[in-house]
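In case you want the letters, here they are:
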Amino acid sequence: MRVEVVHTPFTEYGDVVRDLEAKLDLGFEPNFLFVFLTESVWKDHNKIIKFLQRKFPNAKMAGCFVEGYATAECAWMRGLAMILIEAEGVDVFWAKGRNTAETFRRLKEKVGTGWDSIILIFPAFYFQSRFDVLKIGINDRIHYYLKYKRARTLEDKLRVLREYSNMLESRYIYPVNKALRIMANETPIIGMNLMPLEARFGTPVIFANYECIGRGAVAVCFKGKVNTIFHDVLPERGNSFDETVEIMKNYFPNVELVDVVKKGIAIGEINGLRPVEFLESKVRAYKPIEQNEALNRLEKGRLQTVSPYVLAFISRETFGSSILGLLPYPVNFHPSLFDLDIFYDKSLFFGELFKDGIKRFCELFERKKMDSSFDLFIVDHNTIMMFGKRIHKITSFARERCERFLGVFSSYPSAAGIPLNKKSLTEIEPKICFSGTGTSAMIEIRDLI
Amino acid sequence: MLLEMSEILEPITSDPSVRMIVLYRIDGTPILAKIRKRDLTILGILYWLENQIRDALYHIFNKDLDDLSFKFRDVLVKMYPVSRTLVLTLIVDENASLYKLEADVESVCMKIRELI
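Calculation notes
Residues numbered from 1 in each chain as written. Chains lettered and ligands numbered in written order. Predicted model: local features only at pLDDT ≥ 70, side-chain atom pairs only at ≥ 80, totals over all residues. Heavy atoms only, no water. Pairing = 2+ DSSP bridges. Helix = DSSP H or I, 4+ residues; strand = E, 2+ residues; numbered from the N terminus. Contact = heavy atoms within 4.5 Å. Axes fitted to C-alpha atoms, helices over the stretch in contact; angles between N-to-C directions. Buried < 20%, exposed > 50% of the residue type's maximum accessible area, 1.4 Å probe, protein only. 1 Å grid on protein atoms, 1.4 Å probe; cavity = no way out; pocket = protein on both sides within 12 Å on 5 of 7 lines; lining within 4 Å. Points joined across faces, edges and corners; volume = space filled by probe spheres on them. Nonpolar A, V, L, I, M, F, W, Y, C, P; charged D, E, K, R; others polar. Domains from an automatic or database assignment. Salt bridge = Lys/Arg side-chain N within 4 Å of Asp/Glu carboxyl O. Core = buried A, V, L, I, M, F, W, Y, C linked by side-chain atoms within 4.5 Å. Buried area = accessible area lost by both parts, 1.4 Å probe. Polar contact = N/O pair within 3.5 Å; in protein donor to acceptor, adjacent residues only side chain to side chain.

A. Quick peek at the sheet that holds strand β1 (residues 2–8) of chain A. Residues and elements named next belong to chain A. The strand order β1-β6-β2-β3-β11-β12 describes an open sheet built from six strands, whose pairing is mixed. The strands lining the two open edges of the sheet, one partner per strand, are β1 and β12 (211–212). Alignment of strand β2 (residues 32–38) against strand β6 (residues 80–86), held across six bridges, turns out to be antiparallel. Note on β6: the bridge partner recorded for F36 is A81. On top of the sheet, helix α2 (residues 45–55) reaches β2, β3 (60–66), β6 and β11 (206–208); it is set at about 160° to β2, its chief contact.

B. Focus on the environment of B:R73. Residues and elements named next belong to chain B. Its place among the elements puts R73 in the loop between β3 (68–72) and β4 (75–81). Looking at R73, the relative accessible area reads 79%, which means it is exposed. Along the chain, R73 and E4 lie 69 residues apart, while their C-alpha atoms are 33 Å from each other.

C. Representation of empty space enclosed by the protein within the structure. All names here are of chain A. For the structure on display, the rule yields two cavities of 30 Å³ or more. Looking at the largest cavity, its volume works out to about 260 Å³. Forming the boundary of the largest cavity are 16 residues, of which V133, I136, Y329, P330 and V331 lie nearest the centre. Mapped onto the lining of the largest cavity, the elements with two or more residues apiece are α4 (130–150) and α9 (291–300). Among the elements that line the lining of the largest cavity, the one with the most residues is α9, at four residues. Class assignment of the residues belonging to the lining of the largest cavity gives a composition of 14 nonpolar, two polar and no charged. Counting residues domain by domain, the lining of the largest cavity receives three or more from each of domain 1 (2–127 + 173–233 + 356–448) and domain 2 (129–171 + 235–353).

D. Representation of the pattern of salt bridges within the structure. Using the criterion set out here, one finds 41 salt bridges over all chains in the structure. Taking the shortest distance from any N to any O, the salt bridge between B:K100 and A:E67 comes out at 2.6 Å. Here the residue B:K100 occupies a position in helix α3 (residues 98–115), and A:E67 occupies one in the loop between β3 and β4 (68–70), the pair thus bridging two chains. Relative accessible area serves as the criterion here: at 10%, B:K100 is assigned to the buried category. Residue class for A:E67 comes out buried when judged on its relative accessible area of 7%. Here A:D232 makes a salt bridge to A:K422, at a shortest N to O gap of 3.1 Å. Placement of the pair is A:D232 in strand β14 (residues 224–232) and A:K422 in the loop between β24 (414–416) and β25 (427–429), with a sequence separation of 190 residues. Each of A:E12, A:K43, A:D44 and A:K47 takes part in a single network of salt bridges with overlapping partners.

E. Main features of the nonpolar core. Residue and element names in this part refer to chain A. Ranked by size, the top nonpolar core spans 73 residues in total, and within it F104, L107, V111, L120, Y164, L311 and F313 carry the most contacts. Those residues in contact with L311, other than ones at most four positions away along the chain, are V258, V260, I267, I270, S322, I323, L324, L326, S347, L348 and F349. Counting residues in hydrophobic clusters, the runner-up holds 61 residues, among them V90, I119, A208 and V226.

F. Expanded view of the interface of chain A and chain B. Between chain A and chain B, the contact holds 22 residues from the first and 22 residues from the second. Across the chain A/chain B interface, buried area totals approximately 1900 Å², and carbon plus sulfur atoms make up 52% of it. The largest per-residue losses of area from chain A upon contact with chain B belong to A:W76, A:R78 and A:K389, which jointly make up 34% of the total buried on that side. At the junction of chain A with chain B, the criterion picks out five salt bridges. At the junction of chain A and chain B, the tally comes to 11 residue pairs in polar contact (both at pLDDT 80 or more). Classifying every residue of the side of chain A that touches chain B by side-chain character gives 10 nonpolar, three polar and nine charged.

Fair warning: the whole summary comes from geometry, so function is off the table for now.
Here it is, written out as structure tokens:
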């Protein structure tokens, strides 16, 4: 097996190609490319992918947009990085469908069995087009919210939320835990549930074999001597709802227990208020964004998708918890990136703060098992906003523990079937971990056969 | 060495939100300047910088500051100490993604530190 990491911090097409041409003289012929592009090459990404296809026409390829990457040299939030592999035990599959179930069932069939680790790439929220996003707003206001307001009983409200949730799932959101539930088998899976820090129309972009697949899912499968690790920076969960609440109250500041009306992936009310009203009542600075403003920000790639104010839902199945950032979106129902049906109706509202800061993220590397391996790790991109230039500490820690590596700063990774070393708070269903912040994952590759 | 420093700074210079990069010596002498495109509006800022740079550098080094930042209408001036004798100054648009830019600037500073 031969593995090489090539990166370029340049952003203009000519500079990128010139830099890559100089670096792509590898001395071997890769049969697989794993490409991570940053937002800075957005305008030329199609040309860059075509260039790579011309350069390696016989190689299989998977790729997506991330916020940044870390190599042995340094970390960059610009340009692109890629892993080039010459080995048998690596393959890529992709599938699309009308909804979560169809997409991931198809993908599972294509992937089959016998793999030792899978990286699953899919858009958690897909911002298709101006028209499509406009449609959410119109549907939300005219169709669903009027029905919701007229509903007399809780059951009626939940029925409207279910309809709204189904609409979201069919066009925009792949609920992360639902996707992993479908894909899960004995193979460890790392989920790259993409959600850009700043969204634009057409994002997130995912590639399979040099094609942009739109709203679909890609599985990069590895077979051989590999080890998959999942880590979260949060404390361990409790054995009951009350215990987990107590643990979280001790860990996060100013935690408040709230009542949530929710169904599927839609939140209708928080403490009897619309989610945007609730957020405004708690944080005066968070005024709801106007629809036109949201559309303009999406046009420019500037619609922020992260928030320090969150709801933490507690799972009925494991008493684990998953965090959802609350944003002043111009919609009456707040969308969720994970299926809320398995969670209690009481949840916790607080402003995020991680104890011990960035050091906790570095614990991922302490769980490494293999020497002389190539390591690909994924770190929650919220670290960029939370820690700024201090994210270089993650890179320097990686340099101490890993011989060869590529790290990517992308959406908070999820996991299915990965052995855990603690009663992970983010384990929201048996063997399924997801949280809207604080997670990281790694795949150690010693040999692919 | 200046040529190598110039190459290290190249990725940042190509950022559309960065108008100018200047590497200052501790005595306020600019040893390297890279401009993205001809822009007369930053002349005023450069003139201001020329008068203030010694004071700014004094504060960075004597108060051990991580960085220093000034805002002028639609541009930001950010100063980052590279070493005990060098300061990297960026003139950027106010709507730049600063959290990402700062991570990249740190990469550049690390590379320059290795070089010197």
